[in-house]
Structures are given as structure tokens and as C-alpha cells.
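Single-letter residue listing:
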Amino acid sequence: MNTVSLEKYIREGGLDETLATLYGKENTERQRERYLRAVAAFGAEYGSDREVSIFSVPGRSEISGNHTDHNHGCVIAAAIDLDIIAVAAQSEERRIRIHSEGFPEDVVELEGICAENAGKYASGAIIAGVCDGFMRAGHAICGYDAYTTSNVFKGSGLSSSAAFEDMVGNILNHFSNGGAVSAPEIAKISQYAENEFFGKPCGLMDQTACSVGGFVAIDFADPKNPIIEKLDFDLTAAGYTLCIVNTGGNHADLNEDYASVPSEMKAVAKQLGHEVLRDVTRDELLRAVPALRRSVGDRAILRAMHFIGENERVRAQSAALRAGDVDGFLDGVRASGDSSFKWLQNVYTTINVKEQGLSLALCIAETLFRGYEKRAVARVHGGGFAGTVQAFVPTENVPAFRTAMDAVFGDGATSPLRVRAEGAIRVL
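This report concerns the structure included in the present document. Predicted model only: the values in this text are computed from it and were never measured. (Residues numbered from 1 in each chain as written. Predicted model: local features only at pLDDT ≥ 70, side-chain atom pairs only at ≥ 80, totals over all residues. Heavy atoms only, no water.)

Focus on the side chain of Thr-388
With respect to the helices and strands, the residue Thr-388 is situated in strand 10 (residues 388-394). You can call Thr-388 buried: its relative accessible area is 3%. Here the side chain of Thr-388 touches His-381 through a polar contact of 3.0 Å, side chain to side chain. (Helix = DSSP H or I, 4+ residues; strand = E, 2+ residues; numbered from the N terminus. Buried < 20%, exposed > 50% of the residue type's maximum accessible area, 1.4 Å probe, protein only. Polar contact = N/O pair within 3.5 Å; in protein donor to acceptor, adjacent residues only side chain to side chain.)

Quick word on unusual backbone geometry
Positive phi, normally seen in glycine, also occurs at Tyr-121, with a value near 60 degrees. Assignment of secondary structure puts Tyr-121 in the loop between helix 4 (115-118) and helix 5 (123-136). With relative accessibility at 60%, the residue Tyr-121 sits in the exposed group. At Gln-345, a position not held by glycine, the phi torsion is positive, near 60 degrees. Checked against the element boundaries, Gln-345 lands in the loop between helix 12 (326-344) and helix 13 (357-369). Exposure remark for Gln-345: the relative accessible area of 30% places this residue in the partly exposed category.

Some details on the nonpolar core
In terms of nonpolar packing, the biggest core is built from 37 residues, with Ile-96, Ile-98, Val-130, Phe-134, Tyr-144, Ile-171 and Leu-172 touching the most fellow members. Those elements that place two or more of their residues in this core are strand 1 (53-64), strand 2 (74-91), strand 3 (95-100), helix 5, strand 5 (143-150), helix 6 (160-176) and helix 7 (183-198). The leading source of residues in this core is helix 6, at eight residues. When neighbours within four sequence positions are excluded, Tyr-144 is seen to be in contact with Ala-89, Gln-90, Ser-91, Arg-95, Ile-96, Arg-97, Ile-98, Val-168, Ile-171, Leu-172 and Phe-175. (Core = buried A, V, L, I, M, F, W, Y, C linked by side-chain atoms within 4.5 Å. Contact = heavy atoms within 4.5 Å.)

Written as C-alpha cells, this is what we have:
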């Protein structure tokens, strides 16, 4: 239907059931207005007589497997109910135009796409890279116009960039391929676009979690062909809410901190005759500790121990989620967070030890949890060193938790989220 008909359909409640599924019944009215604004914006920019579709791709939160994918480890991630939505229409022209709210329009011509001409570190490079990835995989591409709006806030560790990449492929999948391209393949194509066109050597976890949806376990033993398992577990039905607390830490000058983690892990592996830690056993590592202290230093050994333990925790947590064992899952969250703090050491930077927002947030959270009837846990979120912490809070305690954390870190610092079962989808 065209934008005028679609606005009427949404306003009369035609999408309410879908919106309740994606965002929760209590958020239906707010999401209805959000979708209406996006449809109106598309009509104003690209024409109200166009036949349009609506698409959605969620952000994601890393659950366990902190800093392991780069050494071929295992992770658990989850899609969340913050998402990017797109109103889009096919075009007969061989170009893609995407206007993301708050940013200039990107225009990518579909003839002669190549990485050298795409322009690094720009959203247009992502669009071109996804198109190239689709063609290399034998899939069709087409021209389209799209207006997007996102509430996956940047700098939060919730993968706004991966959601955008998957969205470009999600639209191509439905407009040109009848929805036949699988979610994992869209994720791989998105990673290809970010690596080869955008210029960032990212892993595959973010794109996979956004594209597949729900809780997802990923084994990167073969990073080009990871083993992906969607875990059927309803966190909301279990009485818990996933909360992300933005501590407002400064990410500037942290590149060395982030880079040191994979490099130190790989240095340990190299000393033991391997390329990555996935090939190292705990016994092998322990036997080599005296020599490793001299060659790579103590912190590298601790980080290697974190990696080995984290892989075991991911397997145990996956089993707990399959069995609906909430306590077993939370045990793993807490153990993973403790290991990240003590052995991985990514909760604060040694460049400025006076700034420890993540440590403070974890301390306050654990203090609050002592007063709860049900168990709650908190841990560092994502890459660490600054930014956000993650907490699994009994839903009845969320208002008080939010008030207390916002009092310290500012209004709006705490975001209560739902784990969303749906990944990259065509809404209508």
C-alpha cells in the first residue's frame, strides 16, 4: 500500500498486534506514533504514491563470551527491543537511496561497485559492500529508496552499526530474493561489508545477533563458518528485565586498551605454538606459566585464563537457557562478569585510574541487589574500559533500580530492555 493508505492502516490499529510482539503491549501506542512519523517522512521525501514496506532490525547485547570471538571463542548474545526501522520502496533506477534520520542522504549507484571507490568509514560504503556481498553470494540486488529511524543509541555497545548493515541486506533480501537469504548469511554479508568496504576489521557476533534474534549462542572455532544456535528462552516470562546503564565514561584514547586484549591473548597462543587461544588447553597453559611470565607477562596469562574459562561458561549458560534454568544462567552471568573484572581486566583503563564509572556502577548495583527478594546480577557490558554495565533485574525492582542508578549517572542513564525473539524482519 502507499504511504497515505499505510498511515491510515497503522493509525487504525492494523499493526498493533505486531508492535505488541516486538516491543511489549505497554509500548504499542508509542511505537505506533514512531512508525507513523517514519511513514510520513518517507512520503515527504520520496513520494506518497509509492508502494512501501516496513522493515525492522534489532540492536543486540553481549551476554557472555567477553572478548573471546577474536581468538575463535564462544559467545552468547541477545537481540533487544531497541531497533532500526525502515520504510522502503523498490525503485526502477539502479541505485539505492537511504536517508537515516538526523544524517545526510546516502546515494549508492549499483553499477560498477567496488571497495576502492566506496569511500572508507562512511555509511555509503556499508551499502555498497552489502550489495557487493549479495552479488558475490549469487543473490540478486535492486534499487530502492528508504527512510530509516533508529533508537539503538550510538556508543552504548548495542550495535547500532551492525543493525544498519543488516537492514540494508534485510531490504535486499525481501525486495530482490523473496526472503530466501537466511539470517546468518545476511550477517556474514554485513561483516564482509564492514571489513572490506567500510574498513573496520570486526568479528561476526554483532551482525549475527541482530539478524537472528532472541538469545543466540555462536561458536567461532571456524570464524568464517561459525556454529549458530538460537536459544529458545523468554526472559520476560521468567520475571527478569535486561537493564543497560550508561556510565557516561569517555571512550577517547582507549584504542590501545581494546587492542591489547586480542594481542596479548594471541601472544600467549604464539608462545605455545598456536595462532589463537582456542587451540590451547588449560593444562597446557598452566604448565607454561613460569616461561610465559618471562615472555609475555602476567596480565597476558590472566587474560588467557579468562578466555578458557569463558568458553566453558558459555557452554554451561547455553545448556541452562535450553533447560529454562534461570539460576544456572545467572550463575554464568555473574561468573563471566567476575572473570572480566579480575582476569580480563577491562572494567577501567590504567590510563586514568581515577575514572572508574563501570566499577562504581557495579558496586552500587550489587549494593542495591542485597535488598531484593529475588536474585539479580550485574556485569561489565561489551568491550569495557568505559561505557555501560549490564544488569539482569527482577522486573518488579526495575523502577527503583532505574531511579537509583539515574541519580548517580544522570537522567536516562538506565535503559530497561526486553530480549526480542525476532531478528531482521519485514514488518509489513
